[in-house]
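Descriptive structure summary
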Number of protein chains: 2
Amino acid sequence: MVTIQTPTEAEDRLAREVLERVTAKWPLSVMRVLAEANAPLRFSRVLERVQGISQKVLTQTLRTLERDGLITRTLYPQVPPRVEYELTTLGGELLVQVLSLWRWIVGRLPDFAAPGGIEHGVVA
Amino acid sequence: MVTIQTPTEAEDRLAREVLERVTAKWPLSVMRVLAEANAPLRFSRVLERVQGISQKVLTQTLRTLERDGLITRTLYPQVPPRVEYELTTLGGELLVQVLSLWRWIVGRLPDFAAPGGIEHGVVA
DNA sequence: CAGAATCCTACCCGATACTG
DNA sequence: CAGTATCGGGTAGGATTCTG
């Protein structure tokens, strides 16, 4: 026996929080960029490649991802400083899982009623 | 050939939005309750069973889930009114997918650094 | 270059009435 | 019973400015 099959309340809650954080507005885009780069990326490179994110929010997102163990942050103490970000193994694996779900949703998109949001049938 | 393997930008965005909405604070709990009931549930029953949700937010959540095609809302025009909610097939399938991801995260929880959030090593 | 600090806005959510 | 309406606090996120 390796793991317990019934999650405890606490495990459930923690996993829930991870899921909510990672599916928030920006983290997946950041992780995707890092995955596609397939190499460490500097802060400014990430900022360029994640369409529409602001510097502040990127910083926050990177910090959260680092805290969760999904990316690494490496500081090279030079002037000017160089900082590189890279997906961890866990981060890469999680991304694969989420992308799989993502693709499943894409495949069923026609079945979703109003993924973009709908106005109800009020004319005027 | 049944589906296109490369999602368009638009599909990607829509699926992203679905994923973000469904993993938001309450929808999964609501869907879980409906799934476990395995039968139509009245509004007040759902309100009772979803721990901690307010009536206003439950209404909003149900509306969003309905718009997305994940649940059905059936109104019986009586006095007092009776309204029943039930998972759609799509909703049930999506829930299965997400629960699977959820369980995967639970299994890897030890690898996550600080799922609950961490204070950095500042003593005072 | 890689951020920290600040200001500001928009939403989200919770609590509390009120109604068909 | 199943909502709607309203108010208020907290927070995520954007734009801008400053700094080691």
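Look above for the structure.
Residues numbered from 1 in each chain as written. Chains lettered and ligands numbered in written order. Predicted model: local features only at pLDDT ≥ 70, side-chain atom pairs only at ≥ 80, totals over all residues. Heavy atoms only, no water.

Counting its secondary structure elements, chain A contains 5 helices and 3 strands. Helices and strands in chain A line up, N terminus first, as α-α-β-α-α-β-β-α. Taking all 124 residues of chain A together, 37% fall into the buried category. For chain A, the share of sequence-separated contacts (at least 6 apart) that also reach a separation of at least 24 residues comes to 44%. (Helix = DSSP H or I, 4+ residues; strand = E, 2+ residues; numbered from the N terminus. Buried < 20%, exposed > 50% of the residue type's maximum accessible area, 1.4 Å probe, protein only. Contact = heavy atoms within 4.5 Å.)

Take the sheet that holds strand 3 (residues 82-87) of chain B next. All names here are of chain B. Read from one edge to the other, the open sheet built from 3 strands follows the order 1-3-2, with strand pairing classed as antiparallel. The outermost strands of the open sheet, each flanked by one partner alone, are strand 1 (41-42) and strand 2 (71-76). As defined by bridge partners, strand 2 adjoins strand 3 across 6 bridges and the pair is classed as antiparallel. Following the sheet pairing, T74 is matched in strand 3 by E84. Packed on one face of the sheet, helix 2 (residues 27-37) meets strand 1, strand 2 and strand 3 and runs near 90 degrees to strand 3. (Pairing = 2+ DSSP bridges. Axes fitted to C-alpha atoms, helices over the stretch in contact; angles between N-to-C directions.)

The next subject is the interface of chain A and chain B. Each side of the interface is counted separately: chain A has 41 residues, and chain B has 41 residues. Together, the buried faces of chain A and chain B total about 4,000 Å²; carbon and sulfur atoms form 67% of this surface. The tally of links from chain A across to chain B stands at 4 salt bridges. A salt bridge links B:D12 to A:R32, with the shortest nitrogen-to-oxygen separation between them at 2.9 Å. Across the chain A-chain B interface, the total number found is 15 residue pairs in polar contact (both at pLDDT 80 or more). (Buried area = accessible area lost by both parts, 1.4 Å probe. Salt bridge = Lys/Arg side-chain N within 4 Å of Asp/Glu carboxyl O. Polar contact = N/O pair within 3.5 Å; in protein donor to acceptor, adjacent residues only side chain to side chain.)

All names here are of chain A. At a minimum axis distance of 10 Å, the contact between helix 2 (residues 27-37) and helix 4 (residues 55-67) shows a crossing angle of 75 degrees. It follows from the interaxial angle that helix 2 and helix 4 lie roughly perpendicular. Touching P27, V30 and M31 of helix 2 are L58, T61, L62 and L65, all from helix 4. Its residues placed into classes, the contact of helix 2 with helix 4 shows 6 nonpolar, 1 polar and no charged. (Parallel < 35°, antiparallel > 145°, perpendicular 65-115°, else oblique. Nonpolar A, V, L, I, M, F, W, Y, C, P; charged D, E, K, R; others polar.)

Below, the discussion takes up the relation of the copies chain A and chain B. If you rotate chain A by 179 degrees and push it 0.0 Å along the axis, it lands on chain B with an RMSD of 0.1 Å. What we have between these two chains is a two-fold relation. Taking C-alpha positions as the reference, the residue of chain A nearest the rotation axis is A:T23, at 3.4 Å. (Least-squares fit on C-alpha atoms with pLDDT ≥ 70 in both.)

So, on to the environment of B:M31. Residue and element names in this part refer to chain B. Within the secondary structure, M31 sits in helix 2. According to the relative accessible area criterion, M31 is buried, its value standing at 0%. Through-space distance from the C-alpha of M31 to that of R108 is 24 Å; in sequence the pair is 77 residues apart. If near-sequence neighbours (up to four positions away) are discounted, M31 is found in contact with V22, L65, L70, L87, G91 and L95.

Attention now moves to the pairing of strand 3 of chain B. All names here are of chain B. As paired strands, strand 1 and strand 3 are joined by 2 bridges and run antiparallel to one another. The residue bridging L41 from the neighbouring strand is Y85, located in strand 3. Between strand 2 and strand 3, which follow one another and run antiparallel, lie 5 residues.

So, about the pattern of salt bridges. Close approach of charged atoms allows side chains with opposite charge to pair. All chains considered together, the criterion is met by 16 salt bridges over all chains. Linking A:E17 and A:R13 is a salt bridge whose minimum nitrogen-to-oxygen distance equals 3.4 Å. Within this pair, A:E17 and its partner A:R13 are both found in helix 1 (residues 9-22), separated by 4 residues, close to a single helical turn. Salt bridges here are not isolated pairs; linked through shared partners, they connect A:E93, B:R108 and B:D111.

Moving on: the protein's contact with DNA strand C. Close to DNA strand C lie 18 residues; A:S44, A:Q55, A:R73, A:Y85 and B:K56 are nearest. Each atom of DNA strand C within 4 Å of the protein was classed as base or backbone; sugar and phosphate made up 64%. One of the side-chain N or O atoms of A:R63 is found 3.1 Å from a phosphate oxygen in DNA strand C. Within the side chain of B:K56, an N or O atom sits 2.4 Å from a base oxygen of DNA strand C. Elements with a minimum of two residues in the surface near DNA strand C: helix 3 (43-49), helix 4 and strand 3 (82-87) of chain A together with helix 4 (55-67) of chain B. Tallying contributions element by element places helix 4 of chain A first for the surface near DNA strand C, with 4 residues. Looking at the surface near DNA strand C residue by residue, the classes come out as 8 nonpolar, 4 polar and 6 charged. (Near = heavy atom within 4 Å.)

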